[in-house]
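# Summary of structural features
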Amino acid sequence: MRLLEDNLGKKSMVEPATLTDFIRYIESNFPVDRYLLIFWDHGGGSVTGYGYDEHFKGDHMTLDGIERALFNAGTQLDFIGFDACLMATLETDFVVEPYADYLIASEELEPGIGWYYTGWPNELSQNSSVETIELGKKLIDDYVLEVKRQTPNDWNIENLAITNLNYLMSYKIIDIYGNSYWTPAITNYRKEDLMIQDIRPRIFNNKFTNKKAEPKDLFLSYKEETVLVKEEKDKLWYPSFADFQDTHPALKNEAQFLFNIDEINYFLVKQQDLDTVKGWTYVTTGRFRTELKYWRSFAGTVGWQLNRWYQNHNFCSRCGHQMKSSENERMLYCEGCGFQTYPVISPCVIVAVHEGDRLLLTKYAGRSYKNFALIAGFVEIGESLEETVQREVMEEVGLKVKNIQFYKSQPWPFTDTILAGFFAELDGDDKIIIDEDELSMGVWMDRDKVPPDESRISLTGEMMEAFRTKRMP
Ligand SMILES: [Zn+2]
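Values in this document were obtained by computation on a predicted structure and should not be read as measured data.

### Considering the overall build of the protein
- Along its length, the protein carries nine helices and 24 strands.
- Once the C-alpha set of the protein is aligned to its principal axes, its extents read approximately 75 × 60 × 50 Å.
- Taken across its 473 residues, the protein has 33% of its residues classed as buried.
- Long-range contacts, defined as pairs at least 24 residues apart, comprise 63% of the intrachain contacts of the protein with a sequence gap of at least 6.

This is the structure we're talking about:
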């Protein structure tokens, strides 16, 4: 042990600001690749939250306070542990989910000896790249063994669990009085229902306001096919203006408000050289397709679309004057001739052509995307969506379809499109003649051979999965 700082005086251990200061202090003085945060000693579950600081009137840090502290600290953690009673609840899961990959906590009371801090930290020191899940299992095994060994007569409820927060989902219900609350719906949640825009329980709000940025607000900075994030493994962790306060104090003055997700505001900045600041880097927007936390990838991809729109409309396409941003709506206008333009969204159809237990699958020609796909195409001038379905199927694979049924739609900001998904039955001859400019392959696939959808973000994947599991209309 060594003394890191002079005495800071008596600080309340249940004050969120103390926790925020502590996390920030550690991060700036001991920068490392992975951080673990353990709350030690008393826990009161969802009712009182963490701690019992007898020097400060026996006060607690409520779950709300914990969330505020973690949000303000802005550090991504491998796991958050509660070496405290009763903290493994759904409510704790929801609170810590944005900030950590795993929660380690107990549903039960913990004996006074608490966790065993010899075994698993040794393991970590010997192999600092050990998987968090493996480290967690070791921690739990150590705990169970030590509790049994040291308190053989007092305790028979050794209980400690590690929860993968990346797979946590729930539903936020708002009742007729406007009260909102969580439903413990993990068991009801059907993964196959989720596409990239399905970010519940979070709420995406695209209402435009002429908001000015504040230090706590997040911003998006794009450089071609890349986006600025914190330089940490596999995370889409976006910067806040506070992170750039010292190096770029003027950044927030010219930022453009985009949207908010729950209470988090997202802004767009034009600067593209922000990776000169230590700890920040531009990573490929391909990450939007693999991030497990959809609210992060959805924010990034919608921001990316808006970034393209702003960039592509610096000048009036009618008279060449500089365009200006409206203060009232998401619109750019020309002071020279009055021309107005709104974000570009092109309609597309996706078609699952089926015949009995067979589904028509395709592969695109000349694209980096190599997985199976469905028929897809842009709506042309003067067409209804159903006519687009018929035309695209005929053009791409030379087949006729009937009984065209709308399934679901999806915003697809990657390509500035809105996708409308249809199921359609084969009408007549099943002989496939592919358009080789568009496709490299077109096949009839038996239902049990249709590949399961792994990525889960797209309507195409969702529709293939719906056919495979017989959930289609
Ligand atoms: Zn003009």
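### Regarding the confidence of the model for the protein
- Averaged over every residue, the pLDDT of the protein is 88; residues scoring 70 or more account for 91%.
- Below a pLDDT of 50 lies the segment residues 182-192, which in the model reaches 17 contacts outside its immediate sequence neighbourhood of four places, other chains included.

### Quick look at the nonpolar core
- Among the nonpolar cores identified, the biggest contains 60 residues, and F219, V351, V353 and V393 are the most heavily contacted of them.
- Considering each element in turn, this core owes the most residues, seven residues, to helix α7 (residues 294-312).
- Split by domain, the residues of this core number at least three in each of domain 2 (202-312) and domain 4 (346-468).
- The contacts of V351, once residues within four sequence positions are left out, are L374, I375, V389, E392, V393, F422 and A424.
- Counting 39 residues, the second largest nonpolar core, distinct from the first, contains I66, L86, M87 and A88.

### Digging into unusual backbone geometry
- A positive phi angle, close to 55 degrees, is found at K57, a residue other than glycine.
- Assignment of secondary structure puts K57 in the loop between β2 (50-53) and β3 (59-61).
- One non-glycine residue, N403, adopts positive backbone phi at about 50 degrees.
- Counting through the fold element by element, N403 comes out in strand β22 (residues 401-412).
- Judged by C-beta crowding, with 10 C-beta atoms within 10 Å, N403 ranks as exposed.

### Some remarks on the sheet that holds strand β17 (residues 332-334)
- One open sheet holds the three strands; their spatial order is β16-β17-β18, and the pairing between them is antiparallel. In the strand order of this sheet, the two ends are held by β16 (323-325) and β18 (340-341), each with one partner.
- Where β16 lies against β17, three bridges are found, and the strand directions are antiparallel. Across the sheet, residue M323 finds its bridge partner in β17, namely C334.

### Side note on the sheet that holds strand β1 (residues 36-40)
- Reading across the sheet, the four strands line up as β1-β4-β5-β6 and stay open at both edges, with mixed pairing between neighbours. Every interior strand has two partners, whereas the edge strands, β1 and β6 (161-164), have only one. This sheet shows a mean twist of 15 degrees between the axes of neighbouring strands, independent of strand direction.
- Bridging between β1 and strand β4 (residues 77-83) involves five bridges; their strand directions are parallel. The residue bridging F39 from the neighbouring strand is F82, located in β4.
- In the packing of helix α6 (residues 132-150) onto the sheet, the strands contacted are β4, β5 (100-105) and β6, and the crossing angle to β5 comes to about 5 degrees.

### Some details on the environment of N253
- In this structure, N253 sits in the loop between β12 (226-230) and β13 (256-261).
- Exposure remark for N253: the 9 C-beta atoms within 10 Å place this residue in the exposed category.
- Residues N253 and A213, spaced 40 residues apart in sequence, show a C-alpha to C-alpha distance of 7.0 Å.

### A word on the pairing of β4
- Burial of β4 is extensive: six of the seven residues sit out of reach of the surface.
- Bridge analysis of β4 against β5 gives four bridges, and the strand direction is parallel. Bridge assignment links L77 to a residue of β5, and that residue is A100.

### Notes on the domain arrangement of the protein
- When cut into domains, the protein gives domain 1 (16-167), domain 2 (202-312), domain 3 (314-343) and domain 4 (346-468).
- Averaged C-alpha coordinates put domain 1 and domain 2 at centres separated by 30 Å.

### Re the pairing of β2
- Where β2 meets β3, two bridges bridge the pair, whose relative direction is antiparallel. Counted as the bridge partner of Y50 is M61 from β3.
- Here β2 folds back onto β3, and the loop between the two strands holds five residues, one of which, K57, carries a positive phi near 55 degrees.

### Some details on the packing of helix α5 (residues 119-126) against α6
- One can describe the packing of α5 onto α6 by two numbers: an axis separation of 8 Å at closest approach and a directional angle of 155 degrees. Here α6 runs roughly antiparallel to α5, going by the angle between their axes. The two elements α5 and α6 meet at a crossing, and its hand is right-handed. For the pair α5 and α6, contact is made by G119, W120, E123 and L124 and by L135, K138, L139 and D142, respectively.

### Points about helix α9 (residues 459-468)
- Burial analysis of α9 places nine of its ten residues in the buried class, which makes it a mostly covered element.
- The inward-facing, buried residues of α9 contact β19 (346-355), β20 (358-364), β22 and β23 (417-426).

### Side note on helix α1 (residues 16-29)
- With 14 residues, α1 should reach 20 Å at 1.5 Å per residue; the first-to-last C-alpha distance of 20 Å fits that figure.
- Along α1, the residues classified as buried are P16, L19 and I23. The buried residues of α1 occupy one face: seen down the axis, they fall within an arc of 65 degrees. Residues of α1 that are exposed and point more than 90 degrees away from the buried face comprise S28 and N29.
- As for α1, its buried residues are in contact with β1, β3 and α3 (63-73).

So, how was this worked out
- Residues numbered from 1 in each chain as written.
- Predicted model: local features only at pLDDT ≥ 70, side-chain atom pairs only at ≥ 80, totals over all residues.
- Helix = DSSP H or I, 4+ residues; strand = E, 2+ residues; numbered from the N terminus.
- Buried ≥ 20, exposed ≤ 12 C-beta atoms within 10 Å, placed from the backbone.
- Contact = placed C-beta atoms within 7 Å.
- pLDDT = per-residue confidence, 0-100.
- Core = buried A, V, L, I, M, F, W, Y, C linked by C-beta atoms within 7 Å.
- Domains from an automatic or database assignment.
- Pairing = 2+ DSSP bridges.
- Axes fitted to C-alpha atoms, helices over the stretch in contact; angles between N-to-C directions.
- Parallel < 35°, antiparallel > 145°, perpendicular 65-115°, else oblique.
- Left-handed = near helix turned anticlockwise from the far one by under 90°.
- Expected span 1.5 Å × (residues − 1).
- Arc of directions from axis to C-beta.

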